[in-house]
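# Observations on the model geometry
Residue-level listing of the chains:
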Amino acid sequence: METYILKFSACLGVFWLVYVFFLERQNMHRFKRFYLLATLILALVIPTLTITEYVEPFVTGFETAPEYFPIELAIEEVTIEEVPFFNLETILWLIYGLGVLVFTSRFIINLIRMQRRISKNENIKTRSFIYVLLQENTIPHSFFRYIFFNKTRYASNNIPKEVLLHEETHSKQLHSLDIIILELLQIAFWFHPLIYILKHHVKLNHEFLADQAVLKQGVNTKTYQNILLQFSSNTQDYQFSSAINYSSIKKRFTVMKTQTSKTRVWLSTLLVLPIIAVLFYSFAEKEYVEKEESSIIEHVEHIKDELKIVEELPIHYVDQNVVEIYLKKYDIYEALRTTEPHYINKLKQEQEKLDDLFSDLGGLYYRMSEENKAKVKRPISPIKPYVQITLNGITYYKKRNELTAEETAALLPPPPPPLSIQKANYNLKEKPIMVILINRNGELLVENNYVSLESIEWKLKTLSKSFDESNSVFVRIDKSDASEKTLENVIALVRKYDFKIIQSDAPLIAPPPPPAKQTSKGGPNAGDTQSVYNPSFLEYIIEMDNEDATFYLDDEKISAKEAKAIAINNNGKRTNMTTQKDADGNYLVKLSSAEKKKIYARSIELKVLNENSYLIDGIKATKETFVDVFNQLHQDITPEQRKIYMNIHVKSSKEISNKEVWFIYNSLQDYGFYRIVAPNQEINRAKGNTPFAIESHFSEQEIATDKEVAEYNAWARQLKKETLAAQEDESNGKTANYPIVKQKDLIKYVGIYKRMTSAQKENSVELPIADDELKTTGLKFPPPPPPETTLDFIVRMAKANAKFFNQGKSISSDEAIALIKTNPKLNVNAQKTDTARPLIYISKKPILIGVKGKADEQLSINVMVNGKAIRTSEIEMTIETFKNLELSTKNGNISSFKLKIPGKATQFLKGHSIDLNSVKHISDINKGDHLVLFDIKDDSDIIIEPLIIKITN
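All figures in this text were calculated on a predicted structure; none of them were measured in a lab. (Residues numbered from 1 in each chain as written. Predicted model: local features only at pLDDT ≥ 70, side-chain atom pairs only at ≥ 80, totals over all residues. Heavy atoms only, no water.)

What follows is about the overall build of the protein chain. When its secondary structure is counted, the protein chain shows 29 helices and 39 strands. Expressed as a percentage of the 953 residues in the protein chain, the buried residues total 43%. Across the protein chain, the fraction of contacts at a sequence separation of at least 24, relative to all contacts at a separation of at least 6, is 66%. Approximately 52700 Å² of the protein chain is accessible, and the part contributed by carbon and sulfur atoms is 53%. (Helix = DSSP H or I, 4+ residues; strand = E, 2+ residues; numbered from the N terminus. Buried < 20%, exposed > 50% of the residue type's maximum accessible area, 1.4 Å probe, protein only. Contact = heavy atoms within 4.5 Å. Areas by Shrake-Rupley, 256 points an atom, 1.4 Å probe, with all protein chains shown as cover.)

Let us now look at the pairing of strand β25 (residues 803-806). Bridge analysis of β25 against strand β28 (residues 839-843) gives 4 bridges, and the strand direction is parallel. Bridge pairing in β28 links lysine 803 to leucine 839. Between the end of β25 and the start of strand β26 (residues 809-811), which pair antiparallel, lie 2 residues, with glutamine 807 showing a positive phi angle near 55 degrees. (Pairing = 2+ DSSP bridges.)

Moving on: a nonpolar patch on the surface. Together, Ile41, Val45, Leu49, Phe280 and Tyr281 make up an exposed nonpolar region whose accessible area comes to about 430 Å². With respect to the helices, strands and loops of the structure, isoleucine 41 is situated in helix α2 (residues 29-45). (Patch = residues over 30% accessible without salt bridge, like charges linked within 9 Å, V, L, I, M, F, W, Y side chains within 5 Å. Salt bridge = Lys/Arg side-chain N within 4 Å of Asp/Glu carboxyl O.)

As for its placement among the helices and strands, glutamate 162 is situated in helix α5 (residues 161-172). Buried charged residue glutamate 162 carries no salt bridge. Nearest counter-charge: lysine 161, at 5.1 Å. For glutamate 162, the contacting residues outside a window of four places in its chain are Val214, Val219, Tyr224 and Ile227. (Lys, Arg positive; Asp, Glu negative; His and termini not counted.)

What follows concerns the sheet that holds strand β31 (residues 868-869). Strand order in this open sheet of 4 strands is β31-β30-β33-β34, and the pairing throughout is antiparallel. The sheet terminates laterally at β31 and β34 (892-893), the two strands that pair on one side only. Two strands pair when backbone bridges link them, and strand β30 (residues 864-865) and β31 are joined in this way by 2 bridges, in the antiparallel orientation. When the bridges of β31 are listed, valine 865 appears paired with lysine 868.

All right, on to helix α22 (residues 658-667) then. Here α22 lies mainly inside the structure; 8 of its 10 residues are buried. Taken residue by residue, α22 has Asn658, Glu660, Val661, Trp662, Ile664, Tyr665, Asn666 and Ser667 as its buried positions.

In this section: the environment of asparagine 631. Topologically, asparagine 631 is positioned in the loop between α20 (626-630) and α21 (639-645). Considering only alpha carbons, one finds asparagine 631 and tyrosine 671, 40 residues apart in sequence, at a separation of 6.9 Å.

A few words now on the UniProt feature "transmembrane region" (unreviewed entry) in the protein chain. Taken from the UniProt record, the annotation "transmembrane region" (unreviewed entry) applies to residues 6-22, 34-52, 91-109 and 265-284. As annotated, residues 6-22 comprises 100% helix and 0% strand, and the C-alpha atoms at either end are separated by 24 Å. Here residues 91-109 is 100% helix and 0% strand, with 27 Å between the C-alpha atoms at its ends. (UniProt positions renumbered as here; feature names shortened; annotations may be inferred.)

Structurally, asparagine 150 is set in strand β5 (residues 146-150). Overall, asparagine 150 belongs to the buried group, its relative accessible area being 7%. A distance of 2.8 Å separates the side chain of asparagine 150 from the backbone oxygen of glutamate 136, its partner in a polar contact. Only 3.1 Å separates the side chain of asparagine 150 from the backbone nitrogen of threonine 152, close enough to count as a polar contact. With near-sequence residues (within four places) excluded, asparagine 150 lies in contact with Leu134, Gln135, Glu136, Asn137 and Thr138. (Polar contact = N/O pair within 3.5 Å; in protein donor to acceptor, adjacent residues only side chain to side chain.)

Dropping the structure here:
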């Protein structure tokens, strides 16, 4: 599922970038509509397609020589605990399901609302359209053939024909159908940001199409643009409808002036084809199939039928009916082996099946008792009587009895490959804590029961906290593409919890090399011993001595004779051995004893993903599980050793705050570390510094949160309580048990206290440790937060839904922020900051509001309404009272003012009252509307505050 989402996202992202850079501003809107819808379908379909490539069959260039692990699988029963239901995958699916439910409900509710608006209002059928007349004050919009208008405007013919034509185009071209498709897609992909982006582009292109249809009727472009501005000042958002959108006006005006030639249209169309081809080839699944030669088609079909029978047989490694199972497999194997052509001339797929059967038979035969071996025949290698020879760079087959001396020498096994970095322990007496079997289908078996990768991880996680000298996991694999993929996951899992791997029949981790002299190559023979398949410690040392290897013990060079003596006197002691190659290709064998094991510097990579998400050496963690995950790592050394050798490397794609580094520093005190290395600082235990040692970052500290203040108070109260109790015991001659303050707690809570504001400190417990005592600790704490700047105050007020005024005129929050950024020295006065809507006044001159006894200095006053003084800048009145409104000040009458009715253009009025003959749109004022009177002038130069009037009925 994750792969499909990634491929879908990549396809959709490429299509979107092509649209933005090459198509969006071109005047070819019909093609763009088809393109946007088609790309959604293609992005959904391409990852599910399959490309089949036929390749020529070839003969394998190597001899399959199966290996068998010599130990009996009589392992103690290991109880596999069930994976908890609420794991990460389950939680993610629950979140996804909840999102689908929410968006489905939203979709249904919007449909029901649309149906009610149609059924409960007056409908007028005109041609192929139905006009729905609404009582509410809304702009025209459409849904399929239904077009919605304000009833008053429609009755008074106040809707221009251009707007009618615009909405009829939406209806005629079925733009609502596109939106419905996108809404349904949004239900399934509600988490995907590109769906919302493409939905915006589709809606915008609908407007391009409607604009194009209007202008084709000969309408003047400038006139039409003015109409769009008039009808887009109070746009409401209807999910399923097409309406004139104010936010897209600028882009629409630009596209109206754009002319696209037919040549460019054709070139744009041709550009899409190679992009689709590249995406198809890049993200479609690929399947490789060997061609079948016509001369052996019938033979291959026969083999396939036989192989199907083989695949249906269950795999049993130790069973009471082992003889019966062996004989069934043996008969099938012999039928396939003796069928012409010979193994060396068969197809690769047939050779692999024969190899698998031979491997299974060999394993069963080797583990049989002597009594059962007498009842069956030993399997014959499928390659016999031939052997594979590689001489002078040429590979060929030849019968063994026809080999020359040179060819016989070429059959000797090559020197063993170097071991992986994962240390290998070759003490065969060590008993594994778990036995994992992987069959050819990639399925996992433990104790002959099918299990999941998650259940194995759960068991390993439990065992990792308690293992002692026995910390190896035995993995047995039946080779196939599916099983090797599963093996990669198992290896990663075992390494994740610091277990060793004992593995059979796998190339990913080099097993112990075979002995130089091998008595059998093609399967178990009579008289075979364990040394045929896996060398002993001594045999391996002898073989590596023959390869002129250099030996080391605990990083000190020793002779081959000394290495052999160690192997002879091993007696089951745990000895770690690593084989490597130097720059010249010579073998290096490094031995280390458990008693003299040398510890080298270690490191853990810590990635900060976001505020509460981390990746610790590939393991996901949150702040709650942070310490638990660290406690799973490097448990073979003590915390005291970690304080000498462990380095923590902190990385992030974003800037890492000092607060985050402090969290890491405090959390790892008990775990132990030598250094914490972050992009902007380094904390070194030897230097004794802390995260706040870098002074240039002190100004980033934030004001303490309410939660932090509460935590500090609880800590301070408890500390004071314990200190007072100890002092009382001391005064009474008793043993005084003064509280022990941990360093990390002291740093945390003193840091919180330092970041408190004056008001927070007044309402909190006083710091229970004096400043002079703190100085003696040598610790450094963050300074108090800097005072709030004017810009920060304006931004905070904008978030609090404040109303802004500049020189007496109403402005938006964005305009206020821009003003302060341009001129931070402007004067700012705040009123009603403790209410739901504070009032913020910005002015170049000093502002003195409500200063008693200094009327001559008062530069801002409130207006008087109907001869009465008002104390606030917002009042309520009925529409009838508003019509009879009279304004004045204590200095005299008002000479002029400006009036803003919601959704209408601002009107400039002369005089001090409402003139019904000159004021427009009074009939459009509704209950709940907020009317704004501003830029109020009288005969003086005093600034008169704006007045907000809320209409009650």
